[in-house]
Amino acid sequence: MRILVIEDERQLAGHITRALARRGHCLATHFNGEDGLKAALAESPDLILLDLNLPGLDGLSVLGRLREEKSAARVLILTARSEVEHRIKGLQAGADDYLGKPFSMDELVARVEALGRRGITSTPSDWLKVADLQMDVRHRRVARAGKPIALSPREFDVLQVLMQEPGRPFSRTELCERVWQRDHEYDTRTVEIFITRLRKKVDSTFTPALIQTLRGVGYTIRIGE
Ligand code: CA
């Protein structure tokens, strides 16, 4: 994978770069938000490791600009474990996953490689359809009532899991495991944020609402009764 690291702590950036280069990834590093954003837009990396607390243009602003520019890069945000609000804001702003500092390099490598897998492993069909919502799995495009909807990579993955089995309930834990391939430290808040983001894009300006909350169970996609 082509990975861009935007992290102002040079020592940490060096550790990250070495750990990922050893796994065969291709790395570039920037130590501030402005340069990182410029490189992200010019070079279209597969994945961006983005520190939130950066001098100058901060990580959240970089993320906002990337999503405005419809960057297809997956974004893993790095933030101190205590900064829960930052992490939530980052996910709301379009990040695909987060990693709390301090983290081990093994944890980083595992998280990066989980994000690198192209979404869901088995694709029974190239086209998925629920009511007037259509997904072109191969080209990773979504449209509702013929109108294209821009989704971040992880939003797409969550929607794909739901659309592969319309009407089947998914618990937050199962969604988390299916999309983030994470069987520890899963976090229901992350899933809730992604469902909120998806609803805003898929359901807020269309009827009927397709993403349903099943109280005490989780979520499903179907035409509501
Ligand atoms: Ca920092």
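Structure: see above.
Being a predicted model, the structure only gives us computed values, none of them experimental.

Student: Just checking my understanding: could you explain the overall build of the protein chain for this structure?
Tutor: Broken down by element type, the protein chain carries eight helices and 11 strands. Computed over C-alpha atoms, the radius of gyration of the protein chain comes to 17 Å, within 12% of the 17 Å expected from 2.2 N^0.38 for 225 residues, which places it in the range of a compact globule. On the principal axes, the C-alpha backbone points of the protein chain span a range of 55 × 35 × 30 Å. Buried positions account for 48% of the 225 residues belonging to the protein chain. Of all intrachain contacts in the protein chain linking residues separated by at least 6 positions in sequence, the fraction that spans at least 24 positions is 60%. With an accessible surface of roughly 10600 Å², the protein chain has 50% of that area assigned to carbon and sulfur atoms. Charge-centre separation for the protein chain: the mean point of 35 positive side chains lies 3 Å from the mean point of 32 negative side chains.

Student: Would you explain the coordination of the calcium ion in this entry?
Tutor: Taken together, Asp8 (OD), Asp51 (OD) and Asn53 (O) make up the protein donors of the calcium ion, found 2.1 to 2.3 Å from the metal. Read in sequence order, the donor residues coordinating the calcium ion give the pattern D-x42-D-x1-N. Residue aspartate 8 is found in the loop between strand E1 (2-6) and helix H1 (10-22), and its partner aspartate 51 is found in strand E3 (residues 47-51); the two are separated by 43 residues along the sequence.

Student: Whenever I open this one, unusual backbone geometry confuses me. Can you help?
Tutor: The phi angle of most residues is negative, glycine excepted, and most peptide bonds adopt the trans form. In this model, lysine 101 is joined to proline 102 through a cis peptide bond whose omega is -5 degrees. Within the fold, proline 102 resides in the loop between strand E5 (97-101) and helix H5 (105-116). That bond from threonine 207 to proline 208 is cis: its omega, -5 degrees, falls within 30 degrees of zero. Within the secondary structure layout, proline 208 lies in the loop between helix H8 (188-202) and strand E10 (211-214). One non-glycine residue, lysine 70, lies in positive phi territory at about 60 degrees. Tracing the backbone shows lysine 70 in the loop between helix H3 (59-68) and strand E4 (74-80). Look at arginine 140: it is not a glycine, yet its phi comes out positive at around 55 degrees. Along the chain, arginine 140 falls in the loop between strand E7 (133-136) and strand E8 (141-144). Using a relative accessible area of 23% as the deciding quantity, one classes arginine 140 as partly exposed.

Conventions used here
Residues numbered from 1 in each chain as written. Predicted model: local features only at pLDDT ≥ 70, side-chain atom pairs only at ≥ 80, totals over all residues. Heavy atoms only, no water. Helix = DSSP H or I, 4+ residues; strand = E, 2+ residues; numbered from the N terminus. Rg over C-alpha atoms; globule rule 2.2 N^0.38 Å. Buried < 20%, exposed > 50% of the residue type's maximum accessible area, 1.4 Å probe, protein only. Contact = heavy atoms within 4.5 Å. Areas by Shrake-Rupley, 256 points an atom, 1.4 Å probe, with all protein chains shown as cover. Lys, Arg positive; Asp, Glu negative; His and termini not counted. Charge placed at Lys NZ, Arg CZ, Asp CG, Glu CD. Donors = N, O, S within 2.8 Å, 3.2 Å for Na, K, Ca; no water.

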